Amino acid sequence: MNEIIFYSYPSCTSCRKTKKWLKGNNIPFQEKHIFRETPNKEEMIKILSLTTEGIDEILATRSQTFKDLGIDVNELSLSQLIELIIEEPKLLRRPIITSGKKLIVGYNESALQKLSRQKPKLELKQSVS
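Residues numbered from 1 in each chain as written. Predicted model: local features only at pLDDT ≥ 70, side-chain atom pairs only at ≥ 80, totals over all residues. Heavy atoms only, no water.

Looking at an unreviewed UniProt entry, the protein chain carries the name Spx/MgsR family RNA polymerase-binding regulatory protein, with the source organism given as Sutcliffiella horikoshii. Under Sequence similarities (unreviewed entry), UniProt gives the following word-for-word description of the protein chain: "Belongs to the ArsC family." (UniProt positions renumbered as here; feature names shortened; annotations may be inferred.)

Written as structure tokens, this is what we have:
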């Protein structure tokens, strides 16, 4: 299994529940404080590539930060939107968990169970005679 990256915020209830679930199920992960270690441009592109609903899946449109900006995200280009998220990480829903192949946004126990059952692919090496 690819390394699990867990973007969290300590005072977020969903983040605490997710962390407790990951630890309780002995799932190794690398935790990143979403405001101190905000995903960079490449990480944001990777996260977006794993969404099923695009930007709406990861954007916290009900947050006060989003409301205060008073912008229409549909008027922004993808690169403008990514730059805005990097500048204002409070626009991201929390937590964000990725294995590099799967993405989970928010606390979702059934998705976490599926993620934990992913088996690493074995690389078969041919022996040269």
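A.B. asks: Mind showing me how you'd approach unusual backbone geometry here?
C.D. replies: Glycine aside, residues mostly have negative phi angles, and peptide bonds mostly take the trans form. Put simply, Arg 94 and Pro 95 share a cis peptide bond, and its omega is -15°. One non-glycine residue, Asn 26, adopts positive backbone phi at about 50°. Along the polypeptide, Asn 26 turns up in the loop between helix H1 (13-24) and strand E2 (29-33). (Helix = DSSP H or I, 4+ residues; strand = E, 2+ residues; numbered from the N terminus.)

A.B. asks: What am I meant to see in the packing of H1 against helix H6 (residues 109-117) here?
C.D. replies: Geometry of a packed helix pair, given as the angle between the helix axes and the separation of the axes. Viewed as axis vectors pointing N to C, H1 and H6 meet at an angle of 35°, and their least axial separation amounts to 11 Å. Crossing of H1 over H6 shows right-handed handedness. Contacts between H1 and H6 involve Thr 18, Trp 21 and Leu 22 from the first element and Glu 109, Leu 112, Gln 113 and Ser 116 from the second. The residue inventory of the contact of H1 with H6, partitioned by class, reads three nonpolar, three polar and one charged. (Axes fitted to C-alpha atoms, helices over the stretch in contact; angles between N-to-C directions. Left-handed = near helix turned anticlockwise from the far one by under 90°. Contact = heavy atoms within 4.5 Å. Nonpolar A, V, L, I, M, F, W, Y, C, P; charged D, E, K, R; others polar.)

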